[in-house]
Amino acid sequence: MGNSALRAHVETAQKTGVFQLKDRGLTEFPAELQKLTSNLRTIDLSNNKIENLPPLLIGKFTLLKSLSLNSNKLTVLPDELCNLKKLETLSLNNNHLRELPSTFGQLSALKTLSLSGNQLGALPPQLCSLRHLDVLDLSKNQIRSIPDLVGELQVIELNLNQNQISQISVKISCCPRLKVLRLEENCLELSMLPQSILSDSQICLLAVEGNLFEIKKLRELEGYDKYMERFTATKKKFA
């Protein structure tokens, strides 16, 4: 991509607060954006070949609310990313991430986090510190079990589809705001699904197709009627 084209994008972003440069084969985060650290609210660099984020630059976008880096080649995130105190939406689908920075819980304004299609082997504990997180997408990773700390998650919707999950802590029923739980295409036996999800949680949409049991067996479990009451009440609300 030519310098003049990039300059034109930078000039436009200066006026709009939005920098979008998708599908351009970029191999690195554009250094030209350092001129815009104080006025960018949205950055979208999806579908490129970016391998890392410049630590000294990425943490300076103090007004940034939305950052999309889907379908790049990121293997690690710098700690400085966690300085983005106004960031509300972070999309990192289809990269090569195995873990998150230890300081990730400092992204205190984060509402939507998408990490689908990475290489995470476990639920990152830092996510439990995000008090405003509404939607968390961890589908298509390599997560095998859901530990007790899941009960501290504040999310409303949790997507764990297409992992390798065979165990789930009963604490998932304690999530104070969890309404939608997606567990499709995992390795769950029916006996490993905590019955308290049905009988004693806030969850009103449970998606478990494509596991190691028939859905009709789920309907025979104790507490299923309570779950259906919540499901039906929610459906009516949105009808």
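Refer to the structure above for everything that follows.
What you are looking at is a predicted structure, and each value in this text was computed from that prediction instead of being measured.

A. Summary view of the sheet that holds strand 8 (residues 157-159). Read across the sheet, nine strands follow the order 1-2-3-4-5-6-8-10-11 without closing on themselves; strand pairing throughout is parallel. Strands at the two margins of the open sheet, each flanked by one partner only, are strand 1 (18-20) and strand 11 (205-207). The average undirected angle you get between the axes of adjacent strands in this sheet is 5°. Both strand 3 (residues 66-68) and strand 4 (residues 89-91) contribute to a ladder of three bridges, which runs parallel. Paired with Leu 67 across the strands is Leu 90, a residue of strand 4.

B. Focus on the side chain of Asn 141. Mapped onto the elements of the fold, Asn 141 is located in the loop between strand 6 (135-137) and strand 7 (145-146). The class of Asn 141 is buried, set by a relative accessible area of 5%. For Asn 141, the side chain forms a polar contact with the main-chain nitrogen of Gln 119, separated by 3.2 Å. Within the structure, the side chain of Asn 141 is placed 3.1 Å from the backbone oxygen of Leu 138, a separation counted as a polar contact.

C. Structural view of the layout of surface pockets. In this structure, the largest pocket occupies an estimated 220 Å³ of space. Taken together, Lys 179, Val 180, Gln 202, Cys 204, Leu 205, Arg 230, Phe 231, Thr 234, Lys 235, Lys 237 and Phe 238 form the lining of the largest pocket. Broken down by element, the residue count for the lining of the largest pocket peaks at six residues, all from helix 5 (residues 224-238). Partitioned by chemical class, the residues of the lining of the largest pocket number five nonpolar, two polar and four charged.

D. Spatial organisation of unusual backbone geometry. At Lys 140, a position not held by glycine, the phi torsion is positive, near 60°. Within the secondary structure, Lys 140 sits in the loop between strand 6 and strand 7. One non-glycine residue, Gln 162, lies in the positive phi region at around 55°. Tracing the chain through its elements places Gln 162 in the loop between strand 8 and strand 9 (167-168). Taking the relative accessible area as the measure of exposure, Gln 162 reaches 34% and is therefore partly exposed.

E. Examining the packing of aromatic side chains more closely. Under the criterion given, the structure shown has three aromatic pairs. Ring centres 6.2 Å apart and planes at 35° place the aromatic pair Tyr 227 and Phe 231 in the tilted group. Taken together, the positions of Tyr 227 and Phe 231, both in helix 5 and four residues apart, correspond to about one turn of that helix. You can call Tyr 227 buried: its relative accessible area is 5%. An aromatic cluster is present here, built from Tyr 224, Tyr 227 and Phe 231 joined pairwise through their rings.

F. Here's a closer look at the side chain of Asn 70. Summarising the element assignment, Asn 70 is placed in the loop between strand 3 and strand 4. Take Asn 70: its relative accessible area is 19%, and that puts it in the buried class. In this structure the side chain of Asn 70 is engaged in a polar contact, spanning 3.4 Å, whose partner is the backbone nitrogen of Leu 92. Beyond its immediate sequence surroundings of up to four residues, Asn 70 is in contact with Ser 46, Asn 47, Ser 91, Leu 92, Asn 93 and Asn 95.

Basis of the calculations
For every chain, the first residue of the written sequence is number 1, and numbering continues from 1 along that sequence. Restriction of local features to residues with pLDDT of at least 70 applies here, the model being predicted, together with a cutoff of 80 or more for giving and counting side-chain atom pairs; totals for whole chains, interfaces and linings are based on all residues. No hydrogens and no water enter the side-chain calculation; it runs on all heavy atoms of the structure. At least two DSSP bridges between two strands are needed for those strands to be called paired. Secondary structure elements are taken from DSSP: a helix is a run of H or I of four residues or more, a strand is a run of E of two residues or more, and numbering for both begins at the N terminus. Interaxial angles span 0 to 180 degrees and are taken between N-to-C directions of axes, which are lines fitted to C-alpha atoms, for helices over the stretch in contact. Categorising residues by exposure relies on relative accessible area from a 1.4 Å probe, with only protein chains included: less than 20% of the type maximum marks a residue as buried, more than 50% marks it as exposed, and the intermediate range marks it as partly exposed. N or O atoms within 3.5 Å of each other form a polar contact, as long as, within protein, one can give a hydrogen and the other can take it, and as long as residues adjacent in sequence are counted only when both atoms are side-chain atoms. Here a cavity means grid points, on a 1 Å grid over the protein atoms only, where a 1.4 Å probe fits yet cannot get out; a pocket means an open set of points with protein on both sides within 12 Å along at least five of seven lines; lining residues are those with an atom within 4 Å of a point. Grid points are joined across faces, edges and corners, and a volume is the space filled by probe spheres set on the points. Throughout, the ten residues Ala, Val, Leu, Ile, Met, Phe, Trp, Tyr, Cys and Pro are labelled nonpolar, Asp, Glu, Lys and Arg are labelled charged, and all others, Gly among them, are labelled polar. Two rings from Phe, Tyr or Trp (for Trp, the six-membered ring) form a pair when their centres are within 6.5 Å of each other. A pair whose planes differ by under 30 degrees is stacked, one over 60 is edge-to-face, and the rest are tilted. In what follows, residue pairs with any heavy atoms lying within 4.5 Å of each other are defined as contacts.

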